[in-house]
Amino acid sequence: MKKQKGVSLLGLIMLVISASIGAGIYNASEQLAAVATPGPALLAWLITGIGIFGLAMSLKSLSETNPDLNGMAEYAQKGFGNFVGFISGWGYWLSSWIGSVAFATMMMSAVGYFIPSFRSGNSIPAIIVASIISWLLTYLVSRGVENAAFINVFITIIKLIPLLAFVLLGIVLFKTNVFTAHFWDNFTTNFTYMKATPGGVFNQVKGCLIIMMWVFVGIEGATMMTGRAHKASDASKATILSFAALLIINVVISMLPYGYLTQAQLAHVSNPALTYVVKDMIGPVGGMLVSLSLIITIFGSWLSWTLPPVIATSEMAGKGMLPHWFAKLNKRKAPINSLILTQVLLQLFLISLVFSDQAYNFAISLCTAAMVVCYTLVAAYQIKVGYLAKSFKMMFPGLLAFVFEVVGITFAGLQYLWLCAIAYVLGFAFYIKAAKENGRSINQKEWLLMILVTIIAIFAVIGLVMGKIKLS
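Structural notes, computed from the coordinates. Here the structure is a predicted model, which is why all the values come from computation and not from measurement.

Within the protein, the regular secondary structure consists of 19 helices and two strands. Counting the 472 residues in the protein, one finds 58% classified as buried. Counting every atom, the protein has about 19000 Å² of accessible surface; 71% of that belongs to carbon and sulfur.

Glancing now at the packing of aromatic side chains. Remark: the centre distance and the inter-plane angle together describe each pair of aromatic rings, the angle taken between the planes. Inspection of every chain in the model, using the stated rule, returns 24 aromatic pairs. Seen from their ring centres, Phe 53 and Phe 243 are 5.7 Å apart, and the 45° between their planes marks the pair as tilted. Taken together, the residues span a long stretch of sequence, with Phe 53 in helix α3 (residues 38–65) and Phe 243 in helix α11 (residues 233–255) at a distance of 190 residues. With a centroid separation of 5.7 Å and 45° between ring planes, the pair formed by Phe 83 and Phe 428 is classed as tilted.

For helix α13 (residues 273–282), the buried fraction is high: seven of the ten residues fall into the buried class. Taken together, the buried positions of α13 are occupied by Ala 273, Leu 274, Thr 275, Tyr 276, Val 277, Val 278 and Met 281. Looking one or two residues past α13, Gly 283 carries a phi angle of roughly 100°, positive in sign.

For soluble globular proteins, the rule of thumb is that nonpolar side chains tend to be buried together. With 142 residues, the main nonpolar core has Phe 86, Trp 214 and Trp 302 as its most contacted residues. Broken down by element, the residue count for this core peaks at 19 residues, all from helix α5 (residues 82–111). Not counting residues within four places of it along the chain, the set of residues in contact with Trp 302 comprises Ser 100, Phe 103, Ala 104, Met 107, Ala 130, Ile 133, Ser 134, Leu 137 and Leu 346.

Before going further, it helps to spend a moment on the state of the cysteines. What the rule picks out here adds up to zero disulfides. Between Cys 367, a free cysteine, and Cys 420, which holds the nearest cysteine sulfur, the sulfur-to-sulfur gap is 9.0 Å. The exposure class assigned to Cys 367 is buried, which follows from its relative accessible area of 0%.

About the cut-offs
Residues numbered from 1 in each chain as written. Predicted model: local features only at pLDDT ≥ 70, side-chain atom pairs only at ≥ 80, totals over all residues. Heavy atoms only, no water. Helix = DSSP H or I, 4+ residues; strand = E, 2+ residues; numbered from the N terminus. Buried < 20%, exposed > 50% of the residue type's maximum accessible area, 1.4 Å probe, protein only. Areas by Shrake-Rupley, 256 points an atom, 1.4 Å probe, with all protein chains shown as cover. Phe/Tyr/Trp six-rings, centres within 6.5 Å; stacked < 30°, edge-to-face > 60°. Core = buried A, V, L, I, M, F, W, Y, C linked by side-chain atoms within 4.5 Å. Contact = heavy atoms within 4.5 Å. Disulfide = S-S within 2.5 Å.

Spelled out as structure tokens, the structure:
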């Protein structure tokens, strides 16, 4: 009997969990403590959970109603045309390799526990080591997608063990009086507490959103691998199961430190926060173990994020949204041209981070903003599918996700969307070339959209030059 090829259901689940559980979960408690007390943080988790649940259900529904489509770019293309499909796919590709930059900086910060010169995450030695690792991961993926996914299953299992240990430790050392001391109070930038007000709680929730949206980036991983799964139906199952696991893990691990350190203490913890929280709990050995765990964790996440973007660009080329050059495969069936281009751009971004004092925060914000475009289009297509089927039940998850993504990025920082527009303009040349290769003319609507995005990009550049938009 011939052996079934492709990624298994377990492999898909591990791919999604590994892609989403990366640097974010290790630093979320410090980032949240800098902007919110426990009550607003939990309220933000509730809002985020509802929004991401809508997205997960939309991805599940679309993978079932459109099993022939592989991922977000093809959903956008079928729903709204070639150009919108390009916008979704290009944004996904952009988000994925920028997310890898965030992994690189946090991994080097973890190494900094042992080698202080790496602690900032963007020192010259850190950038050199991160670059070497990045090229090695690219080589690994070039040897075969399914093999890399197989390795990732084991990495994910290994990295979940220390996180489970932290949960048990956090429960044992949890202090209810610390957790509830300033549960709803307004926490100011000078680390003082004031009586809670509706506006103050709202601002705290708003400050949490970009952090929480970041830790769910990767939830679409199973959908992006539909075409390489054992069974197409496994993608929808993996998406929902992964969402449930990720929500529980993220909420528990980000909130437990609130019951051990005061918010002011937690907000001043060094990066990666979880390393130094555990060090305070059980001493240097604990910090060392968490740092090692984080290095393994990010390796798995980084590996996971090396797969989907190059698959996305290869499949976009097959659908006429990018030139055929992106679809070239090596003898291992890996999209080698797309891999190399992605790695070169990632390398240039890594080098540029030497000049940023907030490398990690900038990378996750830009990554999340680019991904929000993709998620919003997924939600919009789910709404359209439900509308055409005259089924509000089908429309509802799309509506939840659409509202959450639009409101979330508006609150979190539209300046990052303006910066993404610059990258979109750079991609237009590829889109125009792809149209010519496929004997298709750019229509008036597409030209108008390109002009609109270009105008936004010009204003973004002006904002950067004038200092109105900060790269930190």
